Every structure is written in C-alpha cells, then in structure tokens.
Amino acid sequence: MYLKTLHLRHFRNYYDQRVEFTAAKTILVGNNAQGKSNLLEAVELLATLRSHRMARDRDFVQEEEPIAQINATLERDTGVSDLSLILRRNGRRTVALNGESLRRQMDFLGVLNAVQFSSLDLELVRGGPEVRRNWLDTLLIQLEPVYAHILQQYNQVLRQRNAYLKKLQDSQLTTQDSALAIWDAQLVTTGTKVIRRRDRALARLAPLATAWHTSISGSTEVLQINYTPNVQLMQNQPEQVQQAFLSQLQQRAVPEMYRGTTLVGPHRDEVELTINQTPARQYGSQGQQRTLVLALKLAELQLIEEVVKEPPLLLLDDVLAELDPSRQNQLLDTIQDRFQTLITTTHLSSFDAQWLNSSQILFVEQGKIFTSNAIR
Ligand SMILES: Nc1ncnc2c1ncn2[C@@H]1O[C@H](COP(=O)(O)OP(=O)(O)OP(=O)(O)O)[C@@H](O)[C@H]1O
C-alpha cells in the first residue's frame, strides 16, 4: 500500500499542511520539537485510531481551534481510498472513507496499515505489562479490526463491574445476594474473546520474532515470547476459557469485593519476553534490548503483510540513528522498496549516500514542511 498524500489541519502544531509522498522512502529532517513525530502520529492514528504517545484527543487539536483534521489518499491493490479523521477536544471523532461518514470506527480500521517504531518502544522490554498489552492490542486492531470493538466492550463491562464492586463495598450485601453474577457473565463473554485473540496473534507473531532475533543476534541469543493470560488457558476453546474465567472469578469474589476492583481477566495479562531463558528486562545491554524490539517490529511488519496481503507502511521515529550499523543494515535490507517508510531524523549524516539518493527528503520547521533546505 502506498500513502500518496497527507493533509493536516489544526493537528498538533500544523495549521494547514499538505504533503505529497513521491518516493518509497521519505526522510523528515528537522530540529527537535518541530513536528516530525506529530506527522508520523497522524499516520498512526489513521491506521489504528490510537497513538502510542497515549495522548488525549484534546492534545491533538491546535490551541484555539475546535477540531483537528487528518486527510489522506492511499493507494492499495484494490484501488485508491480517501481517508478522513476529525478529532475534537471532547473526544468525539468522525471517520469517513471516500467522502462517506462511517457509523462504525471499526470500518475505518484496516484501510491503512502501519507499523510504528520509536524510541518509546524500548518500554516494551523495560516497562510494565500494560505497555506490552497495549502493543499487542494495537497490532490486533490491525489484524482484525473487529478486535477494536471487542476490546471496547470488555473495557466498558470492566468499568461497570468495578463500579458495582465499589458499591457493594458500601452495602451490607454479600457476593451471593448481589447482582454480581450478571456482570460476571458479561465479563467472561467479552473477556474470553480478548484472551483467545491475543493468544492466536501471539502464536503467529512469536516464531517470526524469534527467527528475526536469531538472525540479528548472529544466532547467539534465543528470544521466547510467552503469552501469560491472567485466566489459565489450557485450551483455546471458548467454552473451556469461559469456564476457567468464571471459576477464577468466583474464587476471588471476596477479595474483589474487599478491594472494590476486578482481579481476574485479560486486563491483567502479561506477555513474557525472555532471552536465553532470562527475562529480557534483566538481560544484557541496551543494545541487546534494542535487538529485541527491532525483531518484534520486523515480525509485526511480516505478520501484517501476511494477513492483509499487502506490505504495511513503516514509521521510523528517530530510531535509525540509535541502531548500530549492522542492525541498521538488517532493517534497511528488509525494507528495501517494499515497505513505504517514513523516517524522522535530526541529522541526515547518519544515512548512507545510496539511501539518501533514493529517498524523498522533507524539511520540518515549526509545523511547516519544505521540500528544500534553501533559505526560507
Ligand atoms: N495541540 C498542539 N497545538 C500546538 N502545538 C502542539 C500541539 N501538540 C504539540 N505541539 C507542538 O509540537 C511540537 C512537538 O513536535 P514533535 O513531537 O513532532 O517533535 P519532533 O519534531 O518530532 O522533535 P523530537 O525530535 O523532539 O521528537 C512542540 O513544539 C509542541 O509544542
């Protein structure tokens, strides 16, 4: 797939900027805080309706403006599509495809696919389980857009069940007298869908990532990725998962009521990353942890391509310069011209000449994009 144009209006520090992408690789160069990451974030939003920066919608909208707008033209094997996303301070969003407003955001997902890779991704190794759950969920949204809907349902039931548990704390009711069973049933139904999809996605991703990791580390390291669901998963059959989920909920009913929060479910899942059988967080240098993240990203690219049958975009936010030459080459060899790639950097000096020659270079300054570095 190929992103032909992007038009940002009142998005972050862009007032009204059109960009036309004229090569498979585009390098966005500029000093810090000029708007390079913002542009990549806009593309990420079109792909996933999420931002890895965990921003709220009001952060996207330029000061003094009521709405932010992102428009794009995308070429796929199936034809050309116009995408439009309107963001408002109050969080209400409007999505449109080829000029037609879509009622379900799910129908917007899966049109543009992208893998985002930034220095924040090191948190995948160093951060807590929530970071890895978020990463997996964002990938799943692209593999199966219906997952966005399932996840939203689960989170809604979870919030309602937590509110009910809090209410129970203040009442004289016991867990048996209460209507908790109604919430349990809904949590189990939606949560099981989340668990089974996470399990399936990781089962496909893990061998790809392990193979990349072996190759990048020169066969000195073995990466293992294990899904550790909070609900014991013996078999990935819906009935079995539901039964296990329900019985764990029933076992924890008293502590849940005491603490006023749900203690069982996929909101407590973990994805374990180990290198040579040692937890990756404790393993080795920053360089080795970067190898792991690079392997995950290359696996994401490969898996999305396998599933959607077209190469997704790759968004490299200030990471190329952080990789050593051999890891850089591994990445660049994989990309070639197959994956349209948008790269941000503060210095062009870190790129090899051949790459520079075949890339479109755009200069970013205070929310404006220039095609040449001439005196402005
Ligand atoms: N809603 C907004 N309205 C106006 N300006 C914003 C908004 N959100 C962010 N900005 C501005 O965008 C700039 C940050 O841009 P961005 O994160 O893209 O930096 P960058 O060019 O990628 O640089 P770095 O290398 O530091 O990441 C800051 O100047 C910030 O004030």
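Residues numbered from 1 in each chain as written. Predicted model: local features only at pLDDT ≥ 70, side-chain atom pairs only at ≥ 80, totals over all residues. Heavy atoms only, no water.

Caption draft 1: The overall build of the protein chain, seen in detail. Each helix and strand counted, the protein chain has 11 helices and 15 strands in total. In terms of overall dimensions, the protein chain is globule-like: its C-alpha atoms have a radius of gyration of 22 Å, near the 21 Å expected for 376 residues. On the principal axes, the C-alpha backbone points of the protein chain span a range of 75 × 55 × 35 Å. The contacts in the protein chain between residues at least 6 apart in sequence include a share of 70% that link residues at least 24 apart. Surface accessibility of the protein chain: about 17,500 Å² in total, with carbon and sulfur atoms responsible for 47%. If you average the places of the 41 positive and of the 41 negative side-chain charges in the protein chain, the two averages end up 5 Å apart. (Helix = DSSP H or I, 4+ residues; strand = E, 2+ residues; numbered from the N terminus. Rg over C-alpha atoms; globule rule 2.2 N^0.38 Å. Contact = heavy atoms within 4.5 Å. Areas by Shrake-Rupley, 256 points an atom, 1.4 Å probe, with all protein chains shown as cover. Lys, Arg positive; Asp, Glu negative; His and termini not counted. Charge placed at Lys NZ, Arg CZ, Asp CG, Glu CD.)

Caption draft 2: Focus on empty space enclosed by the protein. This model, assessed by the stated rule, comprises one cavity of 30 Å³ or more. The calculated volume of the largest cavity comes to roughly 70 Å³. Lining the largest cavity are F117, S118, S119, D121, L122, R290, V293, V319, E322 and L323. (1 Å grid on protein atoms, 1.4 Å probe; cavity = no way out; pocket = protein on both sides within 12 Å on 5 of 7 lines; lining within 4 Å. Points joined across faces, edges and corners; volume = space filled by probe spheres on them.)

Caption draft 3: Here's a closer look at the site of the ligand. Around the ligand, the surrounding shell holds 16 residues, and the nearest of these are A33, G35, S37, N38 and R53. At 2.7 Å from an oxygen atom of the ligand is found a main-chain nitrogen or oxygen belonging to A33. Ranked by residue count, the leading element in the shell around the ligand is helix 1 (residues 36-48), at three residues. (Near = heavy atom within 4 Å. Polar contact = N/O pair within 3.5 Å; in protein donor to acceptor, adjacent residues only side chain to side chain.)

Caption draft 4: Quick peek at the layout of surface pockets. Roughly 1,400 Å³ of internal volume is contained in the largest pocket. For the largest pocket, the lining is made up of 47 residues, of which R50, N134, T138, I141 and L151 are closest to its centre. Counting only elements with at least two residues in the lining of the largest pocket, the list comes to helix 1, helix 2 (57-60), strand 8 (114-118), helix 3 (123-126), helix 4 (129-143), helix 5 (146-170) and helix 9 (286-308). In terms of residue count, helix 4 provides more of the lining of the largest pocket than any other element does, 10 residues in total. Its residues placed into classes, the lining of the largest pocket shows 21 nonpolar, 12 polar and 14 charged. (Nonpolar A, V, L, I, M, F, W, Y, C, P; charged D, E, K, R; others polar.)

Caption draft 5: Focus on the UniProt feature "binding site: ATP" (unreviewed entry) in the protein chain. As recorded in UniProt, the sites labelled "binding site: ATP" (unreviewed entry) are G30, N31, N32, A33, Q34, G35, K36 and S37. Assignment of secondary structure puts Q34 in the loop between strand 3 (25-29) and helix 1. Apart from the residues within four sequence positions on either side, Q34 is in contact with N13, V364, E365, Q366 and G367. With respect to the helices and strands, the residue G35 is situated in the loop between strand 3 and helix 1. Here G35 is in contact with N13, Y14 and V364, once residues within four sequence places are set aside. (UniProt positions renumbered as here; feature names shortened; annotations may be inferred.)

Caption draft 6: Spatial organisation of helix 4. Over its 15 residues, helix 4 extends 21 Å from the first C-alpha to the last, a length consistent with the 21 Å expected when each residue adds 1.5 Å. Among the 15 residues in helix 4, 12 count as buried, and that is most of the element. Within the sequence span of helix 4, burial applies to R132, R133, N134, W135, L136, D137, T138, L139, L140, I141, Q142 and L143. (Expected span 1.5 Å × (residues − 1). Buried < 20%, exposed > 50% of the residue type's maximum accessible area, 1.4 Å probe, protein only.)

Caption draft 7: Here's a closer look at the sheet that holds strand 11 (residues 278-279). One open sheet accounts for three strands, arranged 9-10-11; its pairing is antiparallel. With partners counted over all chains shown, the strands left at the sheet margins are strand 9 (223-228) and strand 11, one partner each. In terms of strand pairing, strand 9 meets strand 10 (residues 270-275) through six bridges, oriented antiparallel. Opposite Q224, over in strand 10, you have T274 as the bridge partner. Its contacts with the sheet place helix 6 (residues 180-216) against strand 9 and strand 10, and it is angled at close to 175° to strand 9. (Pairing = 2+ DSSP bridges. Axes fitted to C-alpha atoms, helices over the stretch in contact; angles between N-to-C directions.)

Caption draft 8: Region of the structure containing the confidence of the model for the protein chain. Per-residue confidence for the protein chain gives a mean pLDDT of 93; residues scoring 70 or more make up 98%. What the predictor reports for the complex is a pTM of 0.94 with an ipTM of 0.92. (pLDDT = per-residue confidence, 0-100.)

Caption draft 9: Spotlight on the sheet that holds strand 6 (residues 93-97). Across the sheet, which stays open at both edges, the six strands sit in the order 2-1-4-5-6-7 with antiparallel pairing between neighbours. Two strands bound the open sheet, and with one partner strand each, they are strand 2 (14-20) and strand 7 (100-102). Sheet twist, expressed as the average angle between the axes of neighbouring strands with direction ignored, equals 20°. As judged from the 10 bridges shared by strand 4 (residues 67-76) and strand 5 (residues 79-88), these two strands associate in the antiparallel manner. In the strand pairing of strand 5, A68 is matched with L87. Against the sheet, helix 1 touches strand 1 (2-11), strand 2, strand 4, strand 5 and strand 6, its axis set at about 110° to strand 1.

Caption draft 10: Spotlight on the side chain of R196. Tracing the sequence through the fold places R196 in helix 6. Non-local contacts of R196, meaning those with residues more than four positions away in its chain, are made with N236, Q237, P238 and V241.

Caption draft 11: Structural detail: the pairing of strand 3. Counting buried residues along strand 3, five of its five residues qualify, which places the element largely inside the surrounding structure. Here strand 3 shows no split at all, with K25, I27 and V29 on one side and T26 and L28 on the other all buried.

Caption draft 12: Structural context of the nonpolar core. Judged by nonpolar contacts, the single largest core of 112 residues is most densely connected at L39 and I70. Ignoring any residue separated from it by four or fewer positions in sequence, one finds L39 in contact with L6, L8, Y14, V19, F21, L28, L342 and I369. (Core = buried A, V, L, I, M, F, W, Y, C linked by side-chain atoms within 4.5 Å.)

Caption draft 13: Representation of the side chain of E256. With respect to the helices and strands, the residue E256 is situated in helix 8 (residues 253-259). Those residues in contact with E256 that sit more than four places away from it in its chain are R161, L165, L249, T261, T262, L263 and V264.

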